[in-house]
Amino acid sequence: MKAWLLKDFGLNNLVLGDVPTPTPGPGELLVKVAAVSLNFRDKAIVDGIYLPDLVPQDLIPVSDAVGTVVAVGEGVSRFAVGDRVNSHLYSHWLDGAPGPDEPNYCLGMPLPGGLAEYMILSEDGAVAAPAEMTDAEAATLPIAALTAWYALMDVANLQPGQTVLVQGTGGVSIFAAQIAAAQGARVIATSSSDANLQRIRAFGASEGINYRTFPDWHNKVLELTDGKGVDVTIDVAGGNGVNQSVLATKVTGVVAQVGFLTGQTTELDLMSVIFRQTSLRGICVAPRTSFDRMNPFLDQHRIKPVIDRVYRFDQAVEAFEHLARGPFGKIVIQIGE
């Protein structure tokens, strides 16, 4: 089969090659991949800044995929040939709290990912793809949508009438805006682009703050919330900006730390965290059962993924370059016909 292989760190070392088509073992599915979507995690893996010691030689990257089951291993009962399924990043995290070794079983690194014509999925880790979504749309769900859903609904227990802050207009943030608005919450968005702040209003945001115009953007959040702050902040940026997220969030509120776009380390102002009694919660996607709960909600509220552009399989490098520039929504690579 054709597959993109990471020969060494750096996008120039991602090359298209030929490898044997895998054979499903007991409890496994062989999936003909139709489409994948890119996440910042995928770029960080290629760049060598995401758990580089775990990256195997000739890795097939990209975790988020949708496709059709074309063969099954011994004992498979959850899916059959012909079923359309989504991948799930944490192939062993099915329910409850994650185990200490979950990163060892992630698709797209260290396990082979979906940037190939075929991939192997565990039947327990796979999820039935929403029938009402196209392949390109369904491919966006496993990390971006599920991270937003888990942070808002499972961790923060978002209630109607509460307020959510989302950072930027990438995949996680737009899904968070859509889910929060559908739940009856108010959404405030930040971005460096006034045009993107206007666009995200169509997907649930009621107010926008340009953080270049207002570097102390947390003060604008406080203005918009009568000094209280938001109930939940979805922080995709990381770095020292976490301190502003704490200040923008109400006393006893939740800062869901889902990303590290501006840095993997921070000088945290502990006094703000202590006095505001902030819950700073790291979010690394979710268990499969959360995925199972999310899909009916998306269907019920007719939430459709926002896709910036769909690339061909042979345009994978261009797709990663687009991701690096910062898309509005998701970047998808179509693999199947």
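Everything quoted here is computed from the prediction, not taken from an experiment. (Residues numbered from 1 in each chain as written. Predicted model: local features only at pLDDT ≥ 70, side-chain atom pairs only at ≥ 80, totals over all residues. Heavy atoms only, no water.)

Engineer: When you look at the pattern of salt bridges in this model, what are you seeing that I'm missing?
Structural biologist: One side chain can pair with another of opposite charge once the charged atoms of both are near each other. A complete count under the given rule lists eleven salt bridges for this structure. Between Lys-304 and Glu-137 there is a salt bridge whose closest N-O contact spans 3.6 Å. Taken together, the residues span a long stretch of sequence, with Lys-304 in the loop between helix H9 (288-300) and strand S14 (307-312) and Glu-137 in helix H2 (residues 135-138) at a distance of 167 residues. For Lys-304, a relative accessible area of 36% gives the class partly exposed. (Salt bridge = Lys/Arg side-chain N within 4 Å of Asp/Glu carboxyl O. Helix = DSSP H or I, 4+ residues; strand = E, 2+ residues; numbered from the N terminus. Buried < 20%, exposed > 50% of the residue type's maximum accessible area, 1.4 Å probe, protein only.)

Engineer: Even after reading the chapter, I still don't get the environment of Asn-243, so can you show me in this structure?
Structural biologist: With respect to the helices and strands, the residue Asn-243 is situated in helix H7 (residues 242-248). Taking the relative accessible area as the measure of exposure, Asn-243 reaches 16% and is therefore buried. The sequence separation of Asn-243 and Leu-270 amounts to 27 residues, and the corresponding C-alpha distance is 8.9 Å. Side-chain polar atoms of Asn-243 contact the backbone oxygen of Glu-267, separated by 2.9 Å. Looking at Asn-243, its side chain comes within polar contact range of the main-chain nitrogen of Asp-269, at 2.7 Å. (Polar contact = N/O pair within 3.5 Å; in protein donor to acceptor, adjacent residues only side chain to side chain.)

Engineer: Would you mind showing me how to read the pairing of strand S12 (residues 249-257) here?
Structural biologist: Residues in a regular strand point their side chains to alternate faces of the sheet. Counting buried residues in S12 gives seven out of nine residues, a clear majority hidden from the surface. One ladder, built from five bridges, connects strand S11 (residues 230-235) with S12; its direction is parallel. Each residue of the ladder has a partner; that of Thr-233, found in S12, is Val-255. Pairing of S12 with strand S13 (residues 279-282) involves four bridges; the strand directions are parallel. Note that in S13 the partner of Ala-256 across the bridge is Arg-281. Note that the unit made of S12, helix H8 (residues 270-276) and S13 has a crossover that is right-handed. (Pairing = 2+ DSSP bridges. Right-handed = clockwise from strand over helix to strand, strands pointing away.)

Engineer: Please clarify how the packing of aromatic side chains should be interpreted in this entry.
Structural biologist: Centre-to-centre distance and the angle between the planes together describe a pair of aromatic rings. Following the criterion strictly, the structure yields six aromatic pairs and no others. Their ring planes at 75° and their centres at 5.6 Å tell us that Tyr-90 and Trp-93 sit as a pair that is edge-to-face. Look at Tyr-90 and you get buried, because its relative accessible area is 6%. Chaining the aromatic ring pairs together yields one cluster made of Phe-40, Tyr-50 and Phe-260. The positively charged end of Arg-199 is found above the aromatic ring belonging to Phe-328, 3.8 Å away from the centroid. When the ring centre of Phe-214 is taken as reference, the NZ or CZ atom of Lys-220 above it lies at 4.5 Å. (Phe/Tyr/Trp six-rings, centres within 6.5 Å; stacked < 30°, edge-to-face > 60°. Lys NZ or Arg CZ within 6 Å of the ring centre and 35° of its normal.)

Engineer: Which parts of the structure should I look at to understand the nonpolar core?
Structural biologist: Side chains of a nonpolar character, in soluble globular proteins, are inclined to be buried together. Ranked by size, the top nonpolar core spans 57 residues in total, and within it Leu-152, Val-164, Ile-179 and Ile-234 carry the most contacts. A per-element tally of this core places helix H3 (residues 141-155) first, with eleven residues. If near-sequence neighbours (up to four positions away) are discounted, Val-164 is found in contact with Leu-152, Leu-158, Ala-180, Ala-185, Arg-186, Val-187, Ile-188, Val-230, Val-232 and Ile-234. (Core = buried A, V, L, I, M, F, W, Y, C linked by side-chain atoms within 4.5 Å. Contact = heavy atoms within 4.5 Å.)

Engineer: So what exactly am I meant to see when it comes to a nonpolar patch on the surface here?
Structural biologist: A cluster of nonpolar residues, Leu-270, Met-271, Ile-274 and Phe-275, forms a patch on the protein surface that exposes about 450 Å² of accessible area. Structurally, Phe-275 can be placed in helix H8. Under the relative-accessibility criterion, Phe-275 is labelled exposed at 61%. (Patch = residues over 30% accessible without salt bridge, like charges linked within 9 Å, V, L, I, M, F, W, Y side chains within 5 Å. Areas by Shrake-Rupley, 256 points an atom, 1.4 Å probe, with all protein chains shown as cover.)

Engineer: I keep staring at the environment of Gln-300 and nothing clicks. Help me out?
Structural biologist: Position of Gln-300 relative to the elements: it lies in helix H9. Residue Gln-300 is classed as exposed on the basis of its relative accessible area, which comes to 60%. Counting along the chain gives 118 residues from Gln-300 to Ala-182, while the straight-line C-alpha distance between them is 9.6 Å.

Engineer: Could you clarify how one ought to interpret the packing of H3 against H9 in this entry?
Structural biologist: The axes of two packed helices give the description: the angle between them and the distance between them. Relative to each other, H3 and H9 sit at 90°, their axes nearing to 10 Å. Considered as vectors, H3 and H9 are oriented roughly perpendicular to each other. In contact with Leu-141, Pro-142, Ala-145, Leu-146, Trp-149, Tyr-150, Met-153 and Asp-154 of H3, H9 contributes Ser-290, Phe-291, Arg-293, Met-294, Asn-295, Phe-297 and Leu-298. (Axes fitted to C-alpha atoms, helices over the stretch in contact; angles between N-to-C directions. Parallel < 35°, antiparallel > 145°, perpendicular 65-115°, else oblique.)

Engineer: Even after reading the chapter, I still don't get the sheet that holds S11, so can you show me in this structure?
Structural biologist: Across a sheet, paired strands are connected by hydrogen bonds in the backbone, their directions being either parallel or antiparallel. One open sheet holds the six strands; their spatial order is S10-S9-S8-S11-S12-S13, and the pairing between them is parallel. Looking at the sheet topology across the chains shown, the edges are occupied by strand S10 (207-210) and S13. Each strand of the sheet is rotated relative to its neighbour by a mean of 20°, with strand direction disregarded. Note: strand S8 (residues 163-167) against S11, three bridges, orientation parallel. Paired with Val-166 across the two strands is Ile-234, which belongs to S11. With respect to the sheet, H3 is in contact with S8, S11, S12 and S13, its orientation differing from that of S11 by roughly 155°. Strands in contact with helix H4 (residues 171-182) are S8, strand S9 (186-191) and S11; relative to S8, the strand with the most contacts, it is inclined by about 165°.

Engineer: So what exactly am I meant to see when it comes to the side chain of Thr-190 here?
Structural biologist: Counting through the fold element by element, Thr-190 comes out in strand S9. Given a relative accessible area of 3%, Thr-190 falls into the buried group.

Engineer: Explain H4 to me, please; I cannot follow it from the model alone.
Structural biologist: Note on helix geometry: an α-helix contains 3.6 residues per turn, so any two residues three or four positions apart are oriented the same way. Taking 1.5 Å of rise per residue, the twelve residues of H4 would be expected to cover 16 Å, and the 17 Å separating its terminal C-alpha atoms lies within 8% of that figure. The buried fraction of H4 is high, at ten of twelve residues. Buried residues of H4: Gly-171, Val-172, Ser-173, Ile-174, Phe-175, Ala-176, Ala-177, Gln-178, Ile-179 and Ala-180, and no others. In the stretch just after H4, Gly-184 is the one whose phi turns positive, near 90°. (Expected span 1.5 Å × (residues − 1).)

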